[in-house]
Every structure is written in structure tokens, then in C-alpha cells.
Amino acid sequence: MATDSLTVTDNRTGQTYELPIADGAIRATDLRQMKVDADDFGLMSYDPAFLNTASVRSTITYIDGDRGILRYRGYPIEQLAEESTYLETAYLLIFGELPTEGQLAAWVDEITRHTFVHENVKRLMEAFRYDAHPMGMLISSVAALSTFYPDALRIDDAETRMIETKRLIAKVPTLAAWAYRHSRGFPYVYPQNDLGFTGNFLSMMFRMAEPRYVADPVLERALEVLFILHADHEQNCSASAMRSIGSSHVDPYSALSGAAAALYGPLHGGANEAVLRMLAEIGDVRHVPAYVERVKGGEVKLMGFGHRVYKNYDPRARIIKQTADSVFEVTGRNPLLDIALELERIALEDEYFVSRKLYPNVDFYSGLIYQALGLPVGMFPVMFAIPRTAGWLAQWLEGIVDPEQKIARPRQLYLGSDERDYVPIERRAAVEAASVA
Ligand code: CMC
């Protein structure tokens, strides 16, 4: 009869060990008992970039990369994108269940009441250079919020954690919109709390002299869908950063600022910005084959393609492509769309991409929608960070109450010099010359 264990023979010693398997994994610390002698530290596993290491047990988001499946708390992303709202999805991620009508109304009301920020945060944002990257502004201003809410350090208190969670979900759109207004030299627009979450965000972004900004409902819904699709994605680079920083028991503002910094990179949430820059560089459908050759030659990457987990099709990309169609009906067709479609067509047929299982990811089409909404490319990663705030917080909250959470602290394989004596600076040249000779 099969047992849930792994039998390992250490060929250095001939000893055999039985390691329990739970939930499809062995515990890396169980390897430590395998030693060549009493002084040996014990066997470690080496896994740069965590390609095959689970660092948490989680009940939030499920991904099956081979089958292109993404679910939040068990609910398929397709159904949430079709039926839900961003704030309802955020509630689901944070609390684990869909809200009742009363719970949702209270949640929306509480988030809405926290959309304003202290005037000094506004002054702080005004101090940035006129051309500051909005993502840099968002990262800094989220970190700055920790100084306005020193109580947030009481991470052991469930009520405090929930207040900071609501504040962050509510305030990040305000900071994001102001980062955009700053880049345009426009006055910052205060939240308008009789509008919905997405409508209020669009108002803070685009309202000028009109007393009330009402967004086109198609565009508002498209943004809502994008927010739902980006809300969480299990243990990706920024979620791992959130958990890792949070494991030091710092306040959630500081941790979330670090997570946003991780998102900023072009291999993660910065990819949507990189896609648009790439499409603009290609410039014309006729240049696509030559660009694909450069990708295959290893000269450049095809931004918006490939994923660490999805080796089939990113289900979010499929929904975004449909959303793009509805947006373009309102805004007119983005001229870069033809280049994107041609890139996708060629890449999906080409052996290089097929054999490496490289498909469009969430970032391939989202930038085209953001551009159609009138946003500059620098705002694209910011647009990702707004909804991902809920996911980061869900991951942080889960980690804080996890009895197995400890401060994140990986091991290393030290391959540097053995002990050696300090050489005074005046003797170093002579010592180096002697070692070369
Ligand atoms: N263009 C060309 N070749 C690629 C690409 C790409 N976009 N992505 C992977 N490859 C190649 C890579 O060179 C390697 O080839 P070989 O086996 O010959 O060395 C092979 O495919 C496997 O790639 P990898 O680097 O081992 O894959 P990874 O899981 O470490 O990286 C990734 C995943 C998303 C970082 C990578 O695919 C990439 O850089 N994509 C472009 C950036 C991007 O679109 N990022 C957004 C990801 S989705 C949203 C998010 O996470 O925020």
C-alpha cells in the first residue's frame, strides 16, 4: 500500500531516510538530518528564484499553469470578471467568502470613507520633480503613509490590521491619480465619494473644470474588469516581497511600498509599460517579422509574453482581449493593436515560442487599453498596483496569523574565500603582484 513519504538514500554515507510528504511536498528542513558527520550543517536544497519551493500554505488564489486556470478563493476568474465588482472581489480575497448584501454595503461604505489623505501627503507629492515617474511617486507616498499612521505597527491587533487594510485599499487610488495629475501639471482632484470605486478613480484622474466627472460606463466597467483580473496572483514576485517584508513585523504601509517596488520591474508589473514601448519601437506591422527574429536571436525579449506559471495561455489575457474590443468601440481602435495582433499571430505559430510555451500574458493587451483611456505609459504599472493592493493585503493578513510564519531568511551556498588576513592598503599592490606572478 502506498504511503505518503519519500525514501532517500544518501550515497555519501549509505544511510536511508524516510521523509513525510504532506500536501504534495516534503519539508526542506527534513533534509537537514542528512549529514556526513556530526559537524556537518546538514543537507540543504538549492532553489534560486523558488522554481520548486513552496514558502507558504495559502487558501487565497489557485493557479493551474498547465491548464490556464486562475481562481480566487475557488471562484473562476472568468465568472468574477463577468459578474463581480472590484470591491466585492477585494472583500472575497481579504475575508475568504463573497459578502452578503449588507456586508458588501458596509465594506464599500468603509472603503469610501477612507479615500482622502492628509494634506501633508499632498504636499509631499507636490515636491516631486515635474517629470517624476508616477510609480516612483506611488511607492514613496505609500511608504510615507506609515508615518501618518504609527498605530499600524500594532500588527498583532486584528482590528488595527483591518483598519489599515481598508485605508490602503481606499487611499492607493488617490495617490495613483495624484501621481498622474502631477506628471501632467494638473491640480490634484479630491475624491468624490458619491461615485463608485472605479468612477471615483477616473474622476480623480480626468476631472478638469466640470463640477462633476461622469465616466463612460463602458470604460468604467472595462477598468473594473482589469482591476478584478489584477487583484491577486498567488506567490508572485511582489506578493512574496509583501510576505517577506511583512514577516519582519513592519507596518503594512512599508511592506506594501516594498511590494509595489517589486511590481515596478519590467519582468513583473512594469511589463505593460515595456510592451507599449516595444510596440511603438516596432512602429509598423511590416517590421514585426524582423523584430521576432531579434527576439529569437536573444537580442531582445518579447515583452508581454511568457510566464513563470502559465505554460498554456494566461486566462487573464483572454478576458483582456475581449475587454479591449469593447473599449476600442468607444475610444476608436488603438493603431498599435494591429502590431500586437500580428506579433501574437506569428509568435503562436513559431517553433521558438511554441517549444518554450510562450503565450501572451496579462500585460500584453492591458497597456493598449490603458493607452486608449488616455493614460501615459508611466501610469501602466500604477494601474496594476491599484487592484493588486487587495491581493498584497490578503497575502499579508494570511501570513501574519499563520502559526508557521517566521521572519523570511533564506540560506545561501557560500562559495567565497576561506579565512584570510587583512592586508594594509600600502601593501596590497605588492601582495597582488606576488599572487599573479
Ligand atoms: N521573449 C523571448 N523569450 C522568452 C521570453 C520572452 N518574453 N520569456 C521567456 N523566454 C525564453 C527564455 O529566454 C528561455 O529560453 P531558453 O530556454 O532558450 O534559455 C525560455 O523562454 C524560458 O524562460 P525563463 O526565463 O526560464 O522563464 P521564467 O519563468 O524565468 O520567466 C518571465 C518568466 C515572465 C519573467 C519571462 O517570460 C519574461 O521575461 N517575459 C517578458 C516580461 C513579461 O511579460 N513579464 C510579465 C509577466 S506576467 C505579469 C506579471 O507577473 O506581472
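Above this text sits the structure in question.
The rules behind the values
- Residues numbered from 1 in each chain as written.
- Predicted model: local features only at pLDDT ≥ 70, side-chain atom pairs only at ≥ 80, totals over all residues.
- Heavy atoms only, no water.
- Axes fitted to C-alpha atoms, helices over the stretch in contact; angles between N-to-C directions.
- Helix = DSSP H or I, 4+ residues; strand = E, 2+ residues; numbered from the N terminus.
- Parallel < 35°, antiparallel > 145°, perpendicular 65-115°, else oblique.
- Left-handed = near helix turned anticlockwise from the far one by under 90°.
- Contact = heavy atoms within 4.5 Å.
- Nonpolar A, V, L, I, M, F, W, Y, C, P; charged D, E, K, R; others polar.
- Near = heavy atom within 4 Å.
- Polar contact = N/O pair within 3.5 Å; in protein donor to acceptor, adjacent residues only side chain to side chain.
- Areas by Shrake-Rupley, 256 points an atom, 1.4 Å probe, with all protein chains shown as cover.
- Patch = residues over 30% accessible without salt bridge, like charges linked within 9 Å, V, L, I, M, F, W, Y side chains within 5 Å.
- Salt bridge = Lys/Arg side-chain N within 4 Å of Asp/Glu carboxyl O.
- Lys, Arg positive; Asp, Glu negative; His and termini not counted.
- Charge placed at Lys NZ, Arg CZ, Asp CG, Glu CD.
- Buried < 20%, exposed > 50% of the residue type's maximum accessible area, 1.4 Å probe, protein only.
- Pairing = 2+ DSSP bridges.

Examining the packing of helix H10 (residues 252-264) against helix H17 (residues 380-400)
Where H10 meets H17, the axes come as close as 10 Å, and the angle between the chain directions of the two elements is 130°. Classed by the angle they form, the pair H10 and H17 counts as oblique. Along this stretch, H10 crosses H17, giving a crossing that reads as right-handed. Contacts between H10 and H17 involve Pro 252, Leu 256, Ala 259, Ala 260 and Leu 263 from the first element and Pro 381, Phe 384, Ala 385, Thr 389, Trp 392, Leu 393 and Trp 396 from the second. Split by residue class, the contact of H10 with H17 holds 11 nonpolar, one polar and no charged.

So, the site of the ligand
For the ligand, the set of nearby residues contains 21 residues, the closest of which are His 268, Lys 301, Leu 302, Gly 304 and Arg 308. Here a nitrogen atom of the ligand sits 2.7 Å away from a polar atom, N or O, in the main chain of Leu 302. Taking Gly 304, its main chain carries an N or O atom lying 2.8 Å from an oxygen atom of the ligand. When isolated, the ligand has an accessible area of 930 Å², and the protein chains bury 71% of it. Taken together, the residues of the shell around the ligand sort by class into 11 nonpolar, six polar and four charged.

A closer look at a positive patch on the surface
Together, Arg 32, Lys 35, Arg 409 and Arg 411 make up a region of like positive charge exposed at the surface. Within the element layout of this structure, Arg 409 appears in the loop between H17 and helix H18 (428-436). On the accessibility criterion, Arg 409 (67% relative accessible area) is exposed.

Describing the sheet that holds strand S5 (residues 75-76)
Adjacent strands of a sheet form backbone hydrogen bonds with each other and so pair up, either parallel or antiparallel. The strand order across the open sheet built from three strands is S3-S4-S5, with neighbouring strands paired in antiparallel fashion. Edge strands, defined here as strands with exactly one partner in the open sheet, are strand S3 (61-64) and S5.

Points about unusual backbone geometry
Excluding glycine, most residues fall at negative phi; most peptide bonds, likewise, are trans. In the Ramachandran plot, Arg 73 falls in the positive-phi region, its phi being about 50° despite a non-glycine side chain. By secondary structure assignment, the location of Arg 73 is in the loop between strand S4 (69-72) and S5. Of note in this structure, His 249 is not a glycine but carries a positive phi near 70°. By secondary structure assignment, the location of His 249 is in the loop between helix H9 (237-246) and H10.

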